[in-house]
Amino acid sequence: MIQTINLQKLFSTEEVETTALNGINMDVKDGEFVAIMGPSGCGKSTLLNILGLLDNPSDGDYNFYGTEVARMTERQRAQLRKGSIGFVFQSFNLIDELTVYENVELPLLYLKTPPEERKKRVEEALERMSIMHRRNHFPQQLSGGQQQRTAIARAVVAKPKLILADEPTGNLDSKNGEEVMKLLGELNDEGTTIIMVTHSPYDAGFAHRIVNLFDGKVVTENFHV
Amino acid sequence: MFRNYLKIAFRSLMKNKLYSSINVFGLALGMACSLLIGLWVKDELSYDRFLKDAESIHYVRVNFPYNGETVTNNITPGPLQEAIAKDVPEVAAVTKFNWGDERLIKVGETAAKEKGHFATDDFFGVFDLPVLAGKPKAALAQPNQIIVTRKLAEKYFPATAGQYQLVLGKTLQLNNDKFYVVGAVLENLPTNSTLQFDWLVNWKEQEQDWMKTWGNTSFSTYVRLKPKTTLAQAEMAMKDIYPRLAGKNFETGVPVLQPITDLHLYADYKNGQSVGGRIEYVRIFAIVALFILLIACINFMNLATAQSAMRAKEVGVRKVVGALRSSLIGQFLSESILTSLLAVVLALGLVWCVLPTFNEVFGKQLTLNLAEPMLWLIMLVLVLITGFLSGSYPALFLSSLQPIKILKGVRLQFGSGPALFRRTLVVFQFSLSIFLIVGMLAVGRQMNYLRTKNLGLDRENVVYIPLEGEIANPKKLETFRQEVMRQPTIVSATTTMALPVNVQGSSGDLSWPGKDPNLQTNVSCMFVGGDFTKTMNIKLVDGRDFNLDSPADSSNYIINETAAKLMQMKDPVGKEVNFWMGTGRIIGVMKDFHLNSLHQAITPLILCFDGRNTSYLLVKTRAGQTQQAVADLNQLSKQFNPNYPFTYHFIDEEYESLYRSEQQVHTLVNYFGMLAILISCLGLFGLAAFTAEQRTKEIGVRKVLGASVSNIVGLLSIDFLKLVLIALVLATPLAWWAMSKWLGTFAYREDLSWWIFGVAGTLAILIAFLTVSYQSIKAALMNPVTSLRSE
Ligand SMILES: Nc1ncnc2c1ncn2[C@@H]1O[C@H](COP(=O)(O)OP(=O)(O)OP(=O)(O)O)[C@@H](O)[C@H]1O
Ligand SMILES: [Mg+2]
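- Under the annotation held in an unreviewed UniProt entry, chain B carries the name Permease and is attributed to Spirosoma utsteinense.
- Quoted verbatim from the Subcellular location (unreviewed entry) field of the UniProt record, the comment on chain B reads "Cell membrane".

- As annotated in an unreviewed UniProt entry, chain A carries the name ABC transport system ATP-binding protein and comes from Spirosoma utsteinense.

1. A look at the overall build of chain B
Thought 1: Counting its secondary structure elements, chain B contains 25 helices and 26 strands.
Thought 2: Expressed along its principal axes, the backbone C-alpha trace of chain B runs to roughly 105 × 60 × 55 Å.
Thought 3: Counting all 791 residues of chain B, 53% fall into the buried class.
Thought 4: For chain B, the exposed area adds up to about 35,200 Å²; of that, 59% sits on carbon and sulfur atoms.
Thought 5: Side chains of chain B give 75 positive and 63 negative charges; the mean places of these two sets differ by 13 Å.

2. With respect to the side chain of Asp43 of chain B
Thought 1: For Asp43 of chain B, the position within the fold is in helix α2 (residues 17-45).
Thought 2: Aside from chain neighbours lying at most four places away, what touches Asp43 of chain B is Asn192, Lys364 and Leu366 of chain B.

3. Focus on the interface of chain B and chain A
Thought 1: Contacts between the two partners involve 24 residues from chain B, matched on the other side by 24 residues from chain A.
Thought 2: Of the roughly 2,400 Å² buried at the junction of chain B and chain A (both faces included), carbon and sulfur atoms supply 60%.
Thought 3: Looking at the side of chain B facing chain A, the largest losses of area belong to Arg11, Val321 and Ile404 of chain B, adding up to 24% of the total buried there.
Thought 4: Put simply, chain B and chain A have zero salt bridges between them.
Thought 5: Inspection of the chain B/chain A interface yields two residue pairs in polar contact (both at pLDDT 80 or more).
Thought 6: Among the elements of the structure, α1 (2-15), α11 (312-320), α12 (325-362) and α14 (403-407) of chain B are those that each provide at least two residues to the side of chain B that touches chain A.

4. Points about the UniProt feature "transmembrane region" (unreviewed entry) in chain B
Residue and element names in this part refer to chain B.
Thought 1: Under the local residue numbering, the UniProt record ascribes the feature "transmembrane region" (unreviewed entry) to residues 21-41, 281-303, 332-355, 375-399, 420-443, 671-692, 704-732 and 752-772.
Thought 2: Across residues 332-355 one finds 100% helix and 0% strand; the C-alpha atoms that close the span lie 34 Å apart.
Thought 3: Within residues 752-772, the helical portion is 90% and the strand portion 0%, while the C-alpha atoms at the span's ends are 31 Å from each other.

5. A word on the nonpolar core
Thought 1: Leu607 and Phe672 of chain B are the most contacted members of the largest nonpolar core, which has 115 residues in total.
Thought 2: Mapped onto the domain boundaries, this core takes at least three residues apiece from domain 1 (2-43 + 281-449 + 660-788) and domain 3 (469-643) of chain B.
Thought 3: For Leu607 of chain B, the residues in contact, after removing those within four places along its chain, are Met526, Val528, Phe532, Phe546, Asn556, Tyr557, Ile558 and Met590 of chain B.
Thought 4: Membership of the second largest hydrophobic core comes to 37 residues, among which are Phe33, Ile152, Ala155 and Ala165 of chain A.

6. Quick look at the UniProt feature "domain: MacB-like periplasmic core" (unreviewed entry) in chain B
Thought 1: Under the feature "domain: MacB-like periplasmic core" (unreviewed entry), the UniProt entry names residues 20-240 and 432-632 of chain B.
Thought 2: Here residues 432-632 of chain B is 26% helix and 26% strand, with 54 Å between the C-alpha atoms at its ends.

7. Describing the sheet that holds strand β5 (residues 67-68) of chain A
Thought 1: Spatially, β2-β1-β4-β5 (chain A) is the arrangement adopted by the four strands of the open sheet, whose pairing is antiparallel. One side of each edge strand has no neighbouring strand; the edge strands of this open sheet are β2 (17-28) and β5 of chain A.

8. Things to note about the confidence of the model for chain B
Thought 1: For chain B, per-residue confidence averages 85 on the pLDDT scale, and 96% of positions sit at 70 or higher.
Thought 2: Complex prediction metrics read pTM 0.74 and ipTM 0.80.

9. What about unusual backbone geometry?
Residues and elements named next belong to chain A.
Thought 1: One non-glycine residue with positive phi stands out, namely Phe92, at about 65 degrees.
Thought 2: Unusually for a residue other than glycine, Ser130 sits at a positive phi of about 50 degrees.
Thought 3: Checked against the element boundaries, Ser130 lands in the loop between α4 (115-128) and α5 (144-156).
Thought 4: Taking the relative accessible area as the measure of exposure, Ser130 reaches 45% and is therefore partly exposed.

10. Description of empty space enclosed by the protein
Residues and elements named next belong to chain B.
Thought 1: Going through the model one piece at a time under the given rule, you end up with eight cavities of 30 Å³ or more.
Thought 2: In this model, the largest cavity occupies a volume close to 280 Å³.
Thought 3: Around the largest cavity, the lining comprises 19 residues; the ones closest to its centre are Ala304, Gln307, Arg311, Glu335 and Thr339.
Thought 4: Looking at the lining of the largest cavity, the elements with two or more residues in it are α1, α2, α10 (279-308), α12 and α13 (373-399).

11. As for the sheet that holds strand β7 (residues 162-166) of chain A
Residue and element names in this part refer to chain A.
Thought 1: If you trace the six strands from one edge of the open sheet to the other, you get β6-β7-β8-β3-β9-β10, paired in mixed fashion. With one partner strand each, in any of the chains shown, β6 (85-89) and β10 (217-223) form the two edges of the open sheet. Strand-to-strand, the axes of this sheet are offset by a mean angle of 15 degrees, without reference to chain direction.
Thought 2: Looking at chain direction, strand β3 (residues 33-37) and strand β9 (residues 209-214) are connected through four bridges and run parallel. Along β9, the bridge assignment pairs Met37 with Asn212.

Rules used in this analysis
Residues numbered from 1 in each chain as written. Chains lettered and ligands numbered in written order. Predicted model: local features only at pLDDT ≥ 70, side-chain atom pairs only at ≥ 80, totals over all residues. Heavy atoms only, no water. UniProt positions renumbered as here; feature names shortened; annotations may be inferred. Helix = DSSP H or I, 4+ residues; strand = E, 2+ residues; numbered from the N terminus. Buried < 20%, exposed > 50% of the residue type's maximum accessible area, 1.4 Å probe, protein only. Areas by Shrake-Rupley, 256 points an atom, 1.4 Å probe, with all protein chains shown as cover. Lys, Arg positive; Asp, Glu negative; His and termini not counted. Charge placed at Lys NZ, Arg CZ, Asp CG, Glu CD. Contact = heavy atoms within 4.5 Å. Buried area = accessible area lost by both parts, 1.4 Å probe. Salt bridge = Lys/Arg side-chain N within 4 Å of Asp/Glu carboxyl O. Polar contact = N/O pair within 3.5 Å; in protein donor to acceptor, adjacent residues only side chain to side chain. Core = buried A, V, L, I, M, F, W, Y, C linked by side-chain atoms within 4.5 Å. Domains from an automatic or database assignment. Pairing = 2+ DSSP bridges. pLDDT = per-residue confidence, 0-100. 1 Å grid on protein atoms, 1.4 Å probe; cavity = no way out; pocket = protein on both sides within 12 Å on 5 of 7 lines; lining within 4 Å. Points joined across faces, edges and corners; volume = space filled by probe spheres on them. Axes fitted to C-alpha atoms, helices over the stretch in contact; angles between N-to-C directions.

The structure is reproduced here in structure tokens:
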């Protein structure tokens, strides 16, 4: 269960101050699948980064599964993030020097999971994303869809409670995009909470609920069944 | 986890092959260089420390007051040793021996000149050398026994095949004269021993009356102090020896001791005290070694830092999937330590490869002893230091970045700190390179000056033959000389006691009517035979050379201009003087010529005409006919002196050997200077490559907007050239100071001039420009479409 109250985010550069988020109130229940939509520059990524504990809000409160995190240090956030949140990005963000297998293994290494357990879980995740046969390839040797499946495998391997995805289909064709959305849907069916930013109404259709942002504010919320 | 780091480290090494190889190779080169110098320094510092109880062994010199200063005699008169043995209870043992003589050793058909000493009985009381067979102490006490080293034993008695016991009792003939029985075999002396000989025979075997006088200083004296006796106590106890025993003219002598472990490095005495010597070179090279290492490390850091920018994405991803800052720091540090480990291994390999050549050039026996824990300790420290220094910046800086910023693809803002740091490093290493270039030029120029300087005498085409055997007999010698002069290939020949480019003997005995009794006159002196000035082509400003047909000349003298000045004589020819040959007249004044190395100013010189006190026949050959002349001399030598092998040397070689130390320094400066420049260039090259890469997009855009190739090259090169100019400004005063100091050790020198700095600066700029422009041109020629697409 996560909850934000009057979340603010200000970016100040030398000349201008940008209000990226302007009083966001938002609840996400366990097991929910939420899509965030809105025009470019309205603050979607900013919100997702804060929800994902990658950034601090300028003001407001953020309750993350019972912990107040809005004013935590970077170090505390990193500790909390570890193992509890999985990320999927538009541009995949795989490490080029590591193979598919090694990329997926990475979160478990940082969690100090014992080797056998690690192997089991990495293989499970690869199996599930159907990229087992590519386990020893490097990211550049894969198609965009395969790269994104690897990224999702990496996001789920530590069995996080929450997965955050920022335009996961943005760099993919419709077929690969569809596949990725199905995988996210399956994960959600198994109980993982998912928050996804997207520009595609079709993709948003996979979610239970759509939050529309405009100029850093929540304008509407649509519920599906 | 660590395996994951290693994997990443290895793969990023492989991915950027150019950077990685520049980086690892540059560091390895620097390490190899400093390791080599380190070995050399260690060897220099280890001189004579192999001797058992080395701390208690001391070398004896004698100080004399001279016109308000103190001069130090580095060799001692014969009776001093006896006086010390008798009267100084602080001394456990004392020995003297003559200055390393080469004597003919003959066993059956094998005959060659070998270096050895005639030493007094207590030699082994002072030097407890390792023995392979026999009892050296007892053997030295015997008048008919000889002690040889392993080298001689193997050379003259090969049949004994390493069983040195069997060498004992064998006989060998010394100087074609007396036969000696081998009484003991010693282990060879290591190259880091100041003591160098292959045979020892009892002192009495060659002792002559003049060796028993206080006025003749020719011998090396060494003492071993009793346990718990200090150098000061022993010197105190020796203070009264000269006043008590040495007699008139010498009563002011004060023996001074120098620990034998300082003998090699601190041999220069000024005003009665050790003022250093070779240690200066050791220090300079130790510093150079450190600087080269520093440059290499700096490059390594520089490149590692520059390269780390490309690792930003990886850092961001790692953070997002759960890496804490500490684990990232760990990763970058272990990576850079791994790289420096690789460099160390490479460096060891390099040293191992070049060591044989190095040993050959510098006459050393340096070894890379892998069993030595110290080596490993140093290597470990080196790995850790370079690893930490080079890894710390990326580790601390990159790990502190916020992942969202990195992943958003924001161009990494390295800020002005690191850029300034990188620039400072470039300036630093180019300063050092310029410094070394100046050093190379100045030392080279001085060496050239030494080689080509007109000494006031001819040293080209002068051959000298040591006089021994039959031709050492004065009567026979003169016939021999006359015969030599009759050869058409030979211009002239003369005999001397000392070689005229390195006159060592000096005396305070010169007097003349009307001499100021307070004036001390220390003059260099030489015994010469007929035709000396003619053979050496020395100009006579006044008077004439000695004449064999004039019996009075045996007590007449020739002086040089400096001597005339010292004696304050306007018109010295015909004036009466008293010196070693008795009272006679000055018959000639020579134009000053250099009678020592150019470190020393020309001293007053007096020539005595004496055909008996001679060691060498000096022969001036006709230019271009030296080969034939040597063949003729060989022929005559066989005829006049059949029992001795014909040996000859060139005065030129003797002259150059005066500068052996400088020659070595010259070689070292050249090699290491080039290496330092090479390493600096590698660093600059890598950095330029990095900059060009970082600015690929900018270059692409500029080209699309119409910039020409030369615009781009200029843009990329100008930054670096500015840095080199700053380096030039910084290095110039430092190099000026250091080289002036070095040149100051020469009484005659080619002073520094501004063009040297100009050349050094131009060279550095040229090198830097070439290094950078390769990258700049490559970047400038790149198709802008590719560079823009890569974004
Ligand atoms: N680091 C930053 N510094 C300054 N301003 C920023 C920063 N990051 C984002 N902004 C500003 O905040 C606002 C919201 O940005 P954000 O990236 O959240 O938009 P978005 O909704 O994700 O847009 P898009 O759909 O194009 O990805 C924008 O106006 C942007 O310019
Ligand atoms: Mg966005």
